[in-house]
Amino acid sequence: MLTDWQPLTNSKSLHLRAQLLRKIRDFFDSRGLLEVETPVLSQSTGTDPQLDYFSTSYHQLPEQQTLYLQTSPEFAMKRLLAAGSGSIYQICKAFRNGEAGRYHNPEFTLLEWYRVGFDLSQLMDEVEALIAVLFANYGLDSTQRKSYTDVFYQYTGLNAQQFCYEDYCAYAINCNLPEAMNLCGHEHGLWLDLLFSHRVQPMLGKNCLTMIADYPACQSSLARLDDENPLLTKRVELFIGGVELGNGYYELTDYQQQNQRFDQELAIRKERGLIVTHKDQRFLSALKSGLPDCSGIAIGLDRLLMLLSRSSHIDEVLSFPIARA
Amino acid sequence: MAVYSTNEFKTGLKVMLDNDPCAIIENEFVKPGKGQAFNRVKIRNLKTGRVIERTFKSGESLEGADVVDVEMQYLYNDGEYRHFMVQETFEQYQADSKIVGEASQWLKDQDFCTVTLWNDAPLAVTPANFVELAIVETDPGVRGDTSGGGGKPAKLETGAVVRVPLFVQQGEVIKVDTRTSEYISRVKE
């Protein structure tokens, strides 16, 4: 008899998830944020060359249309913000094709929220308060806030803001990662991805929440550049126990800049022979009409549950991971 | 030979890396939320036995390695080569001490073992998990001792030295776990 109908998770983990969702809703409701829902299926996708999309077809005879599963609710939520929703939060499923492993399931649960009028440090205060509530019985030490440049230097001795190929290569050889030279070549962003994920991240958030801010500009995505130092971007990442939990921005509201970044990403997709995607014109129109000044962040709830239940694989906290879905 | 992409790197898959046949031990998907996805892979070089870690960009691929494990009977040692035979086909293979390595201390004529073939040539030899061998040399034990505490070294007919309980005597046949070199029991003739 087949046994793979059964969940891999246990009832304790199911209860923990229910409790987590309740605590999150209580937290945001008491702070006056509005819970929203946006479509999981969308006519357009992002342009991020690092993301692969699920697509499906919509039969509205006689027409057929390709629809995509969201990789995050970011664009739709920003459209609500542009329409004057005020601060909002959402707990939803997001989908990223091809991503499976210890910390990844192609379908996962995100908590995403936006704070109108908040800058990044105000948002970080709120993150800290939320984590304190969720980890109340966990015994976390006090939160650390560090800059990307500082931790990168601390653990690699390298300058993250200025790319010196020779220094980076020497370090790679020294720390037994000589393949980095072939993998990354002269692409600074790629080096940062590799060295940060392999050498820095595992050291972050030892029994505490560590928030890394001020990412190098080449890692900016949808974040705003720093007015005072254009080499840096207003982006924050959260880590507990070496696990990346979330990613937030002081949101880019400039339509022109956003449009340019989309074009750059599309060019990279084309260069790498990836599936052609299109710019989300409705999102761009929303930006053009005016996105209020805001900060936003997304946190992976499955990983949060992994930490809370001290699980070593994401499958342990999902009712049915992709292999049993 | 087939080509395998990082998402097919399952434990045990045999691939070519730096011109050597290797086996995948572990494959971890590493991806920053925003950024390039990598696979951090633990690989055993089947020639040297050494385990290394190597990072790939997700989606990169490696050529498969034509590596198979075949059960064979160990025949004899001609001084330079040890000879093995596949029972079903009578096909014979020879391997030098570099290839046989540590396994030699467990190989007794006519016993079965696993020979790993790469492109039809022996690459490594693995003895059976449990072998039964006679003790050719050990100190006389103390009468009355029936426990396993302490023990003494005993040299086996194939050359291996294992620790045995004091009551086990020279000339007796014992069962040994070759993975740990641990004494399991005496074997009643």
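Residues numbered from 1 in each chain as written. Chains lettered and ligands numbered in written order. Predicted model: local features only at pLDDT ≥ 70, side-chain atom pairs only at ≥ 80, totals over all residues.

**Quick word on the overall build of chain A**
Stage number 1. Counting its regular elements, chain A contains 10 helices and 11 strands.
Stage number 2. The globule rule puts the C-alpha radius of gyration for 325 residues at 20 Å, and the 20 Å found for chain A is close to it.
Stage number 3. The principal-axis extent of the C-alpha atoms belonging to chain A is close to 55 × 45 × 45 Å.
Stage number 4. Across the 325 residues in chain A, those meeting the buried criterion constitute 40%. (Helix = DSSP H or I, 4+ residues; strand = E, 2+ residues; numbered from the N terminus. Rg over C-alpha atoms; globule rule 2.2 N^0.38 Å. Buried ≥ 20, exposed ≤ 12 C-beta atoms within 10 Å, placed from the backbone.)

**A few points about the overall build of chain B**
Stage number 1. What chain B contains, in helices and strands, is one helix and 16 strands.
Stage number 2. Summarising its shape, the C-alpha atoms of chain B cover approximately 70 × 40 × 25 Å along the three principal directions.
Stage number 3. Taking contacts inside chain B between residues at least 6 apart in sequence as the whole, the part at least 24 apart equals 43%. (Contact = placed C-beta atoms within 7 Å.)

**So, the interface of chain A and chain B**
As a measure of interface size, the accessible area lost when the parts come together is often cited.
Stage number 1. Contact residues are listed per partner, giving 20 residues for chain A and 15 residues for chain B.
Stage number 2. Elements that contribute at least two residues to the side of chain A that touches chain B include exactly helix H7 (188-200) and strand S10 (243-250) of chain A.
Stage number 3. A total of six residues in the side of chain A that touches chain B trace back to one element, the largest contributor, which is H7 of chain A.

**Regarding the sheet that holds strand S2 (residues 14-17) of chain B**
Residues and elements named next belong to chain B.
Stage number 1. Spatially, S2-S3-S4-S5 is the arrangement adopted by the four strands of the open sheet, whose pairing is antiparallel. Strand pairing shows two members of the sheet lacking a second neighbour, S2 and strand S5 (51-57), which therefore form its edges. Strand-to-strand twist across the sheet, computed as the mean angle between neighbouring axes with direction ignored, equals 45 degrees.
Stage number 2. For S2 and strand S3 (residues 20-30), the ladder comprises four bridges, and the chain directions are antiparallel. The residue bridging Leu 17 from the neighbouring strand is Asp 20, located in S3. (Pairing = 2+ DSSP bridges. Axes fitted to C-alpha atoms, helices over the stretch in contact; angles between N-to-C directions.)

**Side note on the nonpolar core**
Stage number 1. Membership of the largest hydrophobic core comes to 76 residues, with the highest contact counts inside it found for Leu 111, Trp 113, Val 127, Met 211, Ile 212 and Ile 299 of chain A.
Stage number 2. The dominant element in this core, judged by the number of residues it contributes, is helix H3 (residues 120-134) of chain A, at seven residues.
Stage number 3. Within the second largest apolar cluster, 23 residues are counted, among which are Tyr 93, Ala 103, Cys 113 and Val 162 of chain B. (Core = buried A, V, L, I, M, F, W, Y, C linked by C-beta atoms within 7 Å.)

**Regarding the pairing of strand S7 (residues 67-77) of chain B**
Residues and elements named next belong to chain B.
Stage number 1. Relative to strand S10 (residues 112-118), S7 runs antiparallel, the two being bridged by seven bridges. In the strand pairing of S10, Val 68 is matched with Leu 117.
Stage number 2. A loop of three residues connects S7 with strand S8 (residues 81-85), the two strands running antiparallel in sequence, and Gly 79 in this loop sits at a positive phi of about 105 degrees.

**So, the domain arrangement of chain B**
Residue and element names in this part refer to chain B.
Stage number 1. Taken domain by domain, chain B holds domain 1 (3-63), domain 2 (67-127) and domain 3 (130-186).
Stage number 2. Taken together, the four residues of domain 1 in the interface contact five residues of domain 2.
Stage number 3. In the side of domain 1 that touches domain 2, the residues fall into two nonpolar, no polar and two charged. (Domains from an automatic or database assignment. Nonpolar A, V, L, I, M, F, W, Y, C, P; charged D, E, K, R; others polar.)

**Describing the sheet that holds S10 of chain B**
Residue and element names in this part refer to chain B.
Stage number 1. Strand order in the open sheet formed by five strands is S9-S8-S7-S10-S11, with antiparallel pairing between adjacent strands. Only two strands of the sheet have a single neighbouring strand rather than two, namely strand S9 (92-96) and strand S11 (121-127). For this sheet, the mean inter-axis angle between neighbouring strands, taken without regard to orientation, is 45 degrees.

**Structural notes on the domain arrangement of chain A**
Stage number 1. Assigned domains of chain A: these are domain 1 (11-136 + 255-324) and domain 2 (149-203).
Stage number 2. Averaged C-alpha coordinates put domain 1 of chain A and domain 2 of chain A at centres separated by 28 Å.

**Examining the environment of Ile 240 of chain A**
Residue and element names in this part refer to chain A.
Stage number 1. Secondary-structure assignment places Ile 240 in strand S9 (residues 232-240).
Stage number 2. Note: C-alpha distance between Ile 240 and Leu 209 (31 residues apart in sequence) is 5.0 Å.
Stage number 3. Apart from residues no more than four positions distant in its own chain, Ile 240 is found in contact with Gly 205, Leu 209, Leu 245 and Leu 307.

**Notes on the packing of helix H1 (residues 11-30) of chain A against helix H10 (residues 301-308) of chain A**
Residues and elements named next belong to chain A.
Stage number 1. Where H1 contacts H10, the two axes come as close as 11 Å, and the packing angle between them is 120 degrees. By the angle between their directions, the pair H1 and H10 is classed as oblique. In this structure, the crossing between H1 and H10 has a hand that is right-handed. In contact with Leu 16, Arg 17 and Leu 20 of H1, H10 contributes Leu 301, Leu 304, Leu 305 and Leu 308.
Stage number 2. Its residues assigned to classes, the contact of H1 with H10 shows six nonpolar, no polar and one charged. (Parallel < 35°, antiparallel > 145°, perpendicular 65-115°, else oblique. Left-handed = near helix turned anticlockwise from the far one by under 90°.)

**Let's talk about unusual backbone geometry**
It is generally the case that most residues other than glycine have a negative phi and that most peptide bonds are trans.
Residues and elements named next belong to chain A.
Stage number 1. In this model, Leu 61 is joined to Pro 62 through a cis peptide bond whose omega is 5 degrees.
Stage number 2. You will see that Asn 207, though not glycine, has its phi angle at about 55 degrees, which is positive.
Stage number 3. Within the secondary structure layout, Asn 207 lies in the loop between H7 and strand S8 (208-216).
Stage number 4. Asn 207 sits in the exposed class, given 10 other C-beta atoms within 10 Å.

**Some remarks on the environment of Ser 181 of chain B**
All names here are of chain B.
Stage number 1. Mapping Ser 181 onto the fold places it in the loop between strand S15 (173-177) and strand S16 (182-186).
Stage number 2. For Ser 181, a count of 14 C-beta atoms within 10 Å gives the class partly exposed.
Stage number 3. Through-space distance from the C-alpha of Ser 181 to that of Arg 163 is 8.3 Å; in sequence the pair is 18 residues apart.

**So, the packing of helix H8 (residues 255-271) of chain A against helix H9 (residues 281-290) of chain A**
In a pair of packed helices, the angle between the axes and the distance between the axes together describe the arrangement.
All names here are of chain A.
Stage number 1. Direction vectors running N to C along H8 and H9 enclose 155 degrees, while the axes themselves pass 9 Å from each other. In terms of axis orientation, H8 runs roughly antiparallel to H9. On H9, the residues touching Tyr 255, Gln 258 and Asn 259 of H8 are Leu 284, Leu 287 and Lys 288.
Stage number 2. In the contact of H8 with H9, the residues fall into three nonpolar, two polar and one charged.

**Brief notes about H1 of chain A**
An α-helical segment advances 3.6 residues per turn. Residues three or four places apart therefore align on the same side.
All names here are of chain A.
Stage number 1. Spanning 20 residues, H1 covers 29 Å between terminal C-alpha atoms, matching the ideal 28 Å at 1.5 Å per step.
Stage number 2. Within H1 the residues assigned to the buried category are Ser 13, Arg 17, Ile 24 and Phe 28. Looking down the long axis of H1, one finds its buried residues gathered within 50 degrees of arc, a one-sided arrangement. Exposed residues pointing more than 90 degrees away from the buried face of H1 are listed as Ser 11, Lys 12, His 15, Ala 18, Arg 22, Asp 26, Asp 29 and Ser 30.
Stage number 3. Structurally, H1 contributes buried residues whose contacts are with strand S1 (34-35), strand S5 (88-95), strand S6 (107-116) and H10.
Stage number 4. Backbone geometry just downstream of H1 places Gly 32 in the positive-phi region, at approximately 80 degrees. (Expected span 1.5 Å × (residues − 1). Arc of directions from axis to C-beta.)

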